[in-house]
Amino acid sequence: MSLQSIKYKRGSLEILDQLLLPVVSKYVTVRGVEDGWKVINKMQVRGAPAIAIVGCLSLAVEIHPEVFESKKSLRQEIEGKLNYLVSARPTAVNMKISADELITLANDLTKDDAISVDDMKQKFLNATEAMLDKDISDNRAIGANGAKAILQHVAETGGAQAAGPVRVLTHCNTGSLATAGYGTALGVVRHLSELGKLEHVYCTETRPYNQGARLTAYELVHEKLPATLVLDSMVAALFRVKNVAAVVVGADRVAANGDTANKIGTYQIAVVAKHHGVPFYVAAPLTSIDLQIPSGDHIIIEVRPDREMTHVGEHRIAAPGINCWNPAFDVTPATLITGIITEHGVFEPSKLKDEITKLLQL
Ligand SMILES: CSC[C@@H](O)[C@@H](O)C(=O)COP(=O)(O)O
């Protein structure tokens, strides 16, 4: 059984409070959009897909008991509240893409005279709830596509692990806690293990919020996968001595040219991977791909409070008075990325836009 970050049934939503993990496992009730915005902003729930799902479901639980006089008033509530939820965290695009899709649905239903206000509400709730199952099935497809690509790459390049099993490195947390279940980059790791092809996974601590040490390590121990925690500053040394076959990370936003925003530290891992000839994969569902922006230069990088750097829990570790710079994400240039693993296949960054455009037209 994997960890469940989101518990939902119609009218009720709870999230596992990720600020308390791994010491305390406690669910927090999300009663509506205001709670949804706060748990996302405070990072009680985090990870690009989970942010979008919790945001949209927080609107679903708010709307569920309400009675609307007209389709117009329901549409206005949907649009206003979804746009508000987008503002909770700026870098991950999943919430924005989901909001745009649901607003388009609400507009279409408003125009359709055959649909009553109650039908419109039901259809909106159904569409929102469908995100949970879709995210898990997308992640399983990402896991299978990514495992295949990594094994093919090592077979073709004939390294020491040519026939597998392989050693891989991942950064941040992209598992069940960051999604509706199974995970993206961690889904690839899980699938390698299901195939009997995972020799070892290394996870980085992921300073300053420590998603790797607190959350990924928690998931890996829970799943009994062969895993070792390393500090962010150990990656170059790790590549030198541990014969890592591939890096696989998640994404918060992939631009049309393949430049990828992900957790701070991802970029330097990609640079070091290039130096050591280690292939670097980004695992992301289509809901993390933003074809509206041509390159990573257009991605807004969230800057978080200094306290996340100066303190560990309640304990201050930095000298009082020192200035801090705490960007939560960085952008890895497409040129450092071997492949972008999606639920529809693995794409070279330079072909991403054309391939996704083709898929969306089908
Ligand atoms: C499947 S999660 C992908 C990304 O969202 C993940 O790698 C990441 O950067 C999470 O950042 P966070 O600040 O914890 O929300």
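Residues numbered from 1 in each chain as written. Predicted model: local features only at pLDDT ≥ 70, side-chain atom pairs only at ≥ 80, totals over all residues. Heavy atoms only, no water.

As annotated in an unreviewed UniProt entry, the chain is Methylthioribose-1-phosphate isomerase from Drosophila rubida. Note on the chain: under the UniProt heading Function (unreviewed entry), the record states "Catalyzes the interconversion of methylthioribose-1-phosphate (MTR-1-P) into methylthioribulose-1-phosphate (MTRu-1-P)." (UniProt positions renumbered as here; feature names shortened; annotations may be inferred.)

A. Representation of the site of the ligand within the structure. With respect to spatial proximity, 18 residues lie near the ligand, and among them R89, Q211, D252, N262 and K263 are the closest. Interatomic distance of 2.9 Å between a backbone N/O atom of A48 and an oxygen atom of the ligand. N262 is positioned such that a nitrogen or oxygen atom in its side chain is 2.6 Å from an oxygen atom of the ligand. Considered on its own, the ligand offers 420 Å² of accessible surface; in the complex 99% of this is hidden by protein. Breaking the shell around the ligand down by element, the ones donating at least two residues are α2 (48-63) and β9 (260-263). (Near = heavy atom within 4 Å. Polar contact = N/O pair within 3.5 Å; in protein donor to acceptor, adjacent residues only side chain to side chain. Areas by Shrake-Rupley, 256 points an atom, 1.4 Å probe, with all protein chains shown as cover. Helix = DSSP H or I, 4+ residues; strand = E, 2+ residues; numbered from the N terminus.)

B. Molecular detail of the UniProt feature "active site" (unreviewed entry) in the chain. Under the present numbering, the feature "active site" (unreviewed entry) in UniProt falls on D252. By the element assignment, D252 lies in the loop between β7 (246-249) and β8 (253-255).

C. Up close: the side chain of S98. Note that S98 resides in helix α4 (residues 94-111). Owing to a relative accessible area of 7%, S98 belongs among the buried residues under this scheme. Ignoring sequence-local partners within four residues, the contact set of S98 consists of A52, C56 and M131. (Buried < 20%, exposed > 50% of the residue type's maximum accessible area, 1.4 Å probe, protein only. Contact = heavy atoms within 4.5 Å.)

D. How the structure looks around unusual backbone geometry. Of note, the bond from L21 into P22 is cis; its omega dihedral lies within 30 degrees of zero at 5°. Note on placement: P22 falls in the loop between β2 (12-16) and β3 (27-29). Here the residue pair R207 and P208 is connected by a cis peptide bond, since its omega of 0° sits within 30 degrees of zero. Inspection of the secondary structure assignment puts P208 in the loop between β5 (198-204) and α7 (211-222). You will see that K224, though not glycine, has its phi angle at about 60°, which is positive. With respect to the helices and strands, K224 occurs in the loop between α7 and β6 (227-230). Look at N243: it is not a glycine, yet its phi comes out positive at around 50°. On the secondary structure map, N243 appears in the loop between α8 (235-242) and β7. Residue class for N243 comes out partly exposed when judged on its relative accessible area of 38%.

E. Seen up close, the pattern of salt bridges. Applying the stated rule across the entire model yields 16 salt bridges. Here R10 makes a salt bridge to E129, at a shortest N to O gap of 2.9 Å. Separated by 119 residues along the polypeptide, R10 in the loop between β1 (6-9) and β2 and E129 in helix α5 (residues 117-157) bring together distant segments of the chain. Owing to a relative accessible area of 32%, R10 belongs among the partly exposed residues under this scheme. For R304, the salt bridge goes to E308, with nearest N and O atoms at 2.9 Å. Assessed through its relative accessible area of 17%, E308 is described here as buried. One connected set of salt bridges, linked through shared partners, spans R89, E302, R304 and E308. (Salt bridge = Lys/Arg side-chain N within 4 Å of Asp/Glu carboxyl O.)

F. Quick look at α8. Here α8 has its buried residues at V235, L238 and F239. Buried residues in α8, looked at end-on, bunch into an arc of 100°, giving them a common side. Opposite the buried face of α8, at more than 90 degrees from it, the exposed residues are R240 and V241. Here the buried face of α8 lies against β4 (166-170), β5, β6, β7 and α9 (266-276). Backbone geometry just after α8 places N243 at a positive phi near 50°. (Arc of directions from axis to C-beta.)

G. Expanded view of the sheet that holds strand β15 (residues 339-342). Spatially, seven strands are ordered β6-β5-β4-β7-β10-β15-β16 in an open sheet, and the strand pairing comes out mixed. Two strands bound the open sheet, and with one partner strand each, they are β6 and β16 (345-347). With direction set aside, neighbouring strand axes in the sheet form an average angle of 25°. As judged from the two bridges shared by β4 and β7, these two strands associate in the parallel manner. (Pairing = 2+ DSSP bridges. Axes fitted to C-alpha atoms, helices over the stretch in contact; angles between N-to-C directions.)

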